[in-house]
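As a plain string of letters, each chain reads:
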Amino acid sequence: MRRTSIMLGAAVLTVALALPAAAHGGHEGGGFGRATLTGFASLPAETFVPDSEPSGALIGAGPFNGIAAPFADQPVQGFSGIVDRHDGTFDVLSDNGYGNKANSADYLLRVHRIKPDTRTGKIEVLGGFHLSDPRHEVPFALTRADRVLTGADFDVESIVRAADGTYWAGDEFGPFLLHFDAEGRLLEAPVALDGVRAPENPHLDGAQPTIGSSKGFEGLARSVDGRRLYPLLEGTVTGDTPGDLRFSEFDLRKRAYTGKRYVYRLESPSHAIGDAVAVDRHRFLVIERDGGQGDTARFKRIYLADTRDRDGDGLMDKTLVADLLDIADPKGVGGFGETFRFPFQTIEDVVLLDDRTLAVLNDNNFPFSSGRTPGEADDNEFITIRLGSRLHADPRAFR
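Calculation notes
- Residues numbered from 1 in each chain as written.
- Predicted model: local features only at pLDDT ≥ 70, side-chain atom pairs only at ≥ 80, totals over all residues.
- Heavy atoms only, no water.
- Pairing = 2+ DSSP bridges.
- Helix = DSSP H or I, 4+ residues; strand = E, 2+ residues; numbered from the N terminus.
- Axes fitted to C-alpha atoms, helices over the stretch in contact; angles between N-to-C directions.
- pLDDT = per-residue confidence, 0-100.
- Contact = heavy atoms within 4.5 Å.
- Phe/Tyr/Trp six-rings, centres within 6.5 Å; stacked < 30°, edge-to-face > 60°.
- Buried < 20%, exposed > 50% of the residue type's maximum accessible area, 1.4 Å probe, protein only.
- Salt bridge = Lys/Arg side-chain N within 4 Å of Asp/Glu carboxyl O.
- Polar contact = N/O pair within 3.5 Å; in protein donor to acceptor, adjacent residues only side chain to side chain.

Visitor: Provide a residue-level description of the sheet that holds strand β15 (residues 283-289), including the pertinent values.
Guide: Reading across from one edge, β14-β15-β16-β17 is the order of the four strands in this open sheet, with antiparallel pairing throughout. Strands at the two margins of the open sheet, each flanked by one partner only, are β14 (272-278) and β17 (317-323). Adjacent strand axes in the sheet meet at a mean angle of 25° when their direction is disregarded. In this structure, β15 lies alongside strand β16 (residues 300-306), joined through seven bridges in antiparallel fashion. When the bridges of β16 are listed, V286 appears paired with Y303.

Visitor: Which residues make up the confidence of the model for the chain, and what values go with them?
Guide: The pLDDT averaged across the chain works out to 92; a share of 92% of its residues lies at or above 70. Residue range residues 1-29 is modelled with pLDDT below 50. Its contacts to residues more than four positions away, or to other chains, number 27 contacts.

Visitor: Give me the lowdown on the packing of aromatic side chains, citing residues and values where you can.
Guide: Geometry of an aromatic ring pair is reported as the spacing of the ring centres plus the angle between the planes. Evaluated as defined, the whole model comprises 21 aromatic pairs. Taking the centre distance of 6.2 Å and the plane angle of 25° together, the rings of F140 and F176 count as stacked. Placement of F140 in the loop between β5 (122-130) and β6 (156-161) and of F176 in strand β8 (residues 176-180) is noted, with a sequence separation of 36 residues between them. Both residues of the pair, F140 and F176, count as buried. A centroid spacing of 6.1 Å and a plane angle of 50° characterise the contact between F336 and F340, whose relative ring orientation is tilted. Here F336 falls in the partly exposed class, since its relative accessible area comes to 44%. With a relative accessible area of 0%, F340 lands in the buried category. Site record: aromatic cluster; members linked through ring pairs are F40, F336, F340, F342 and F344.

Visitor: Tell me what's going on with the pattern of salt bridges, and back it up with residues and numbers.
Guide: Under the counting rule described, the total for this entry stands at 24 salt bridges. Across the pair R255 and E188 runs a salt bridge, and its minimum N-O distance is 3.0 Å. Of this pair, R255 sits in the loop between β12 (244-251) and β13 (256-265) while E188 sits in the loop between β8 and β9 (191-192), placing them 67 residues apart in sequence.

Visitor: So what about the side chain of D280? Which residues, and what values?
Guide: In this structure, D280 sits in the loop between β14 and β15. Classification of D280 as buried rests on a relative accessible area of 14%. Polar contacts involving the side chain of D280 include one to the main-chain amide nitrogen of H282, which spans 3.0 Å. Side chain to side chain, D280 and R283 meet in a polar contact 2.7 Å long. Ignoring anything within four residues of it in the chain, the contact list for D280 reads V224, H392 and D394.

Laid out in structure tokens, this is it:
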């Protein structure tokens with residue numbers, strides 16, 4: 001009997017090892033089921049900041065998805081981070097502009113205030129503010145003499161608001177943490193992460209980068225007690241297991257990393273994360289996606305990631321919360337039949353509205369992405385989805 005048990009155990013182990021990485025942590029279960037679309041609103045791709053500066057001179061003439069460049073004003077685009085203001089409006093962070101340091105020097109980094117109306121299906125832009133460094137906190141040269149920050153200075157991809165009303169943003173070029181006041185003025189020098197430097201890092205001094213281009217702080221979560229930040233890298237650090245992402249802890253009172261670090265493992269090393277938000281002390285919602293769009297999109301999901309590592313594999317445990325390519329829409333809210341897909345290349349915003357409802361937004365990569373309709377530049381879309389089960393979130397997660 002003992003020999004039979006050993007053989008059976010070996011067979012089970014062999015099968016387990018043969019399963020894809022997606023099986024770790026038992027995350028395909030969890031009882032959340034299929035999410036349901038409850039709200040939809042969009043902002044047209046060709047939306048610009050009124051009376052602003054020209055932009056897009058370095059991306060070529062195009063046309064790109066039928067849109068020619070440059071532009072007479074700054075586009076309202078690339079929503080890469082979101083803050084719920086709890087009054088029906090949201091602060092959304094545009095990314096670095098047009099995709100890289102070389103082509104985004106005339107794009108001014110900006111936080112927009114928006115008001116989605118899922119009854120009318122429209123998003124109203126109420127205003128916003130540029131990010132700047134009037135106090136000369138940045139220790140390296142900036143693009144503009146007036147120290148308004150551009151997409152050639154930083155690639156801001158994530159944002160949270162602290163209890164004092166200031167903002168923290170995650171950057172990919174350093175990667176750096178950036179601290180701004182309520183009007184977008186930098187309050188202190190950019191905070192680096194030891195051992196992690198992107199190719200765009202201004203302090204490389206001939207050294208080799210340890211992370212890929214545009215693979216810095218794509219996600220940034222604030223702890224529910226407001227005392228810590230959790231920046232999540234988009235790419236794997238040199239020497240780490242491919243597909244493993246560092247999820248670090250930063251103490252806001254000490255203004256320093258604590259040394260505590262968790263590991264979020266992608267379902268495939270070819271995937272990327274889009275955003276992260278705290279649910280309670282241990283659990284975070286994380287957007288994970290492939291690089292496809294439209295009909296080529298195969299993987300756009302939201303996971304509940306737990307730092308407690310209950311199975312002891314050294315990784316955050318993952319539970320599938322929502323498949324964004326398979327959202328039930330029995331009432332036709334999205335206007336695309338009974339199954340709604342969110343088929344964008346980059347999906348970079350998730351926020352908790354209540355214990356079963358999430359808002360999710362795309363980064364439309366204006367004017368380059370065309371995930372909704374081939375050959376047409378994507379709009380910025382705002383959707384709300386109701387989960388199959390409650391998250392049992394800490395009430396402070398909604399503040």
